[in-house]
Amino acid sequence: MEVAESESPHGYELSHLDALEAEAVHIFREVAATFERPGLLFSGGKDSVVMFHVAQKAFWPAPVPFPLMHVDTGHNFDEVITYRDRVVAETGVRLVVSSVQDDIDAGRVVEQTGPGASRNRLQTAALLRGITENKFDAVFGGARRDEEKARAKERIFSFRDEFGAWDPRGQRPELWHLYNGRHHRGEHIRVFPLSNWTELDIWQYIARESIALPEIYYAHEREVVPRDGMLLAKTRFLAVLPGEEVQTRQVRFRTVGDATCTGCVLSEADSVEKVIEEIEVTRVTERGATRADDRISEAGMEDRKKEGYF
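Residues numbered from 1 in each chain as written. Predicted model: local features only at pLDDT ≥ 70, side-chain atom pairs only at ≥ 80, totals over all residues. Heavy atoms only, no water.

The protein chain is annotated in an unreviewed UniProt entry as Sulfate adenylyltransferase subunit 2 from Gordonia asplenii. The Sequence similarities (unreviewed entry) field of the UniProt record for the protein chain holds the comment "Belongs to the PAPS reductase family. CysD subfamily." (UniProt positions renumbered as here; feature names shortened; annotations may be inferred.)

A. Inspection of a nonpolar patch on the surface at higher detail. A cluster of nonpolar side chains, namely L175, W176 and L178, defines an oily patch on the protein surface of about 420 Å² accessible area. Taking relative accessible area as the criterion, L178 reaches 54% and is therefore assigned exposed. (Patch = residues over 30% accessible without salt bridge, like charges linked within 9 Å, V, L, I, M, F, W, Y side chains within 5 Å. Areas by Shrake-Rupley, 256 points an atom, 1.4 Å probe, with all protein chains shown as cover. Salt bridge = Lys/Arg side-chain N within 4 Å of Asp/Glu carboxyl O. Buried < 20%, exposed > 50% of the residue type's maximum accessible area, 1.4 Å probe, protein only.)

B. Structural view of the packing of helix 1 (residues 16-34) against helix 2 (residues 46-59). Interaxial distance between helix 1 and helix 2 falls to 9 Å at its minimum, and their mutual angle equals 70°. Between helix 1 and helix 2, the interaxial angle falls into the category roughly perpendicular. Handedness of the crossing formed by helix 1 with helix 2: right-handed. Between helix 1, through E21, A24, V25, F28, R29 and A32, and helix 2, the contact on the second element is made entirely by M51, V54, A55, K57, A58 and F59. Along the lines of polarity and charge, the residues of the contact of helix 1 with helix 2 split into nine nonpolar, no polar and three charged. (Axes fitted to C-alpha atoms, helices over the stretch in contact; angles between N-to-C directions. Helix = DSSP H or I, 4+ residues; strand = E, 2+ residues; numbered from the N terminus. Parallel < 35°, antiparallel > 145°, perpendicular 65-115°, else oblique. Left-handed = near helix turned anticlockwise from the far one by under 90°. Contact = heavy atoms within 4.5 Å. Nonpolar A, V, L, I, M, F, W, Y, C, P; charged D, E, K, R; others polar.)

C. The packing of aromatic side chains, seen in detail. Tallied over the entire structure, the rule returns eleven aromatic pairs. Ring plane angle 45° and centroid distance 4.6 Å describe the contact between F28 and F140, whose orientation is recorded as tilted. A residue pair is termed long-range when its members are at least 10 positions apart, and F28 in helix 1 and F140 in strand 6 (residues 138-140) qualify at 112 residues. The exposure class assigned to F28 is buried, which follows from its relative accessible area of 0%. A relative accessible area of 0% means that F140 is categorised as buried. Arranged with centres 5.1 Å apart and planes meeting at 80°, the rings of W197 and Y205 form a pair that is edge-to-face. Of the two residues examined, W197 and Y205, each falls in the buried class. (Phe/Tyr/Trp six-rings, centres within 6.5 Å; stacked < 30°, edge-to-face > 60°.)

D. How the structure looks around helix 7 (residues 272-281). Within the sequence span of helix 7, burial applies to V272, V275, I276 and I279. Within helix 7, the buried residues cover an arc of 100° as seen down the axis, which keeps them to one side. Exposed residues on helix 7 whose side chains face more than 90 degrees from its buried face are E277 and V281. Looking at the buried residues of helix 7, the elements they touch are helix 6 (199-209) and strand 11 (247-252). (Arc of directions from axis to C-beta.)

E. Structural view of unusual backbone geometry. A cis geometry characterises the amide bond from W60 onward to P61, with omega recorded as 10°. Positionally, P61 belongs in the loop between helix 2 and strand 4 (68-72). Even without glycine at this site, K135 takes up a positive phi of about 55°. The backbone of H177 shows a phi angle near 60°, a positive value even though the residue is not glycine. Structurally, H177 is set in the loop between strand 7 (157-160) and strand 8 (188-191).

F. Broad picture of the nonpolar core. Core analysis: the biggest nonpolar cluster contains 58 residues, and F28, L40, V50, F157, V191 and W203 have the highest contact counts within it. Elements with a minimum of two residues in this core: helix 1, helix 2, helix 3 (78-91), strand 6, strand 8, helix 6, strand 10 (230-233) and helix 7. Ranked by residue count, the leading element in this core is helix 2, at eight residues. For this core, the two domains that each supply at least three residues are domain 1 (16-200 + 299-307) and domain 2 (214-296). Setting aside chain neighbours within four positions, we find V191 in contact with I27, V31, A138, V139, F140, G141, I156 and F157. (Core = buried A, V, L, I, M, F, W, Y, C linked by side-chain atoms within 4.5 Å. Domains from an automatic or database assignment.)

G. Up close: the packing of helix 1 against helix 6. It is at 11 Å that the axes of helix 1 and helix 6 come closest, and there the two elements cross at 95°. When the axis of helix 1 is compared with that of helix 6, the two are roughly perpendicular. Taken together, the residues of helix 6 that come into contact with helix 1 (itself represented by H16, L17, D18, L20 and E21) are D201, Q204, Y205, R208 and E209. Here the residues of the contact of helix 1 with helix 6 sort into three nonpolar, two polar and five charged.

Put into structure tokens, the structure is as follows:
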């Protein structure tokens, strides 16, 4: 596929994917040089997979100098957990898991019940606990600015206070790619190396770098339940409600998360090239189309980020 070209300071042609990668590599190295205990959030989703891939390139031939952390709802797609464990085994990177189930068992959070119940919102407590327990002073996240409106308000270095909260009015300027990571003990910085990437950029980069993903990102037959304008996968975590019909459809997932609230889309795209063709013509963001938790309110994501969410 063709991508836009620009002139580098050294006189050779630089594709826009090269420029995005170079920016992310710079961010990874900047954090490694200036923070004591960084960590990288890794769910097995495409954005965290690309983020980890770039991190490996940033420090090659040395290993990635920080661990991965998975905030585990316990309601994951089996294919994603299998993929996560394979990546850890193949690369030797250290994985830490912060489990929502542990918070439920300890009484720190209360699990929702009834139709539409999800553990997705409970991830905030597990995330903040994982950051505290591992003493992370910087945490890499795979968020992109085209995902959701609240994401576009955030800087690449996002300051979080001692409660993990985000203040959109307190964002620090980032002129000339200069990042201010100053913070006091108990505070930390969320770092988003893929901020300037789009969903299409992610998939073009996956194609260029031949990056393997969980198979659910590609079209396959699956039992699904139509609900609230979405197609939810029929799993052991999803209760089929009275009047709902289980159907077998050709689908794929644009994003992965808690299986109880992450929908799939009808699709024939069973290869990277076909996925790219599909994304080039879509006009709906992946979260807007397939994440029930993002439909809570117009400012749902922003409210959650103020509480400490990703």
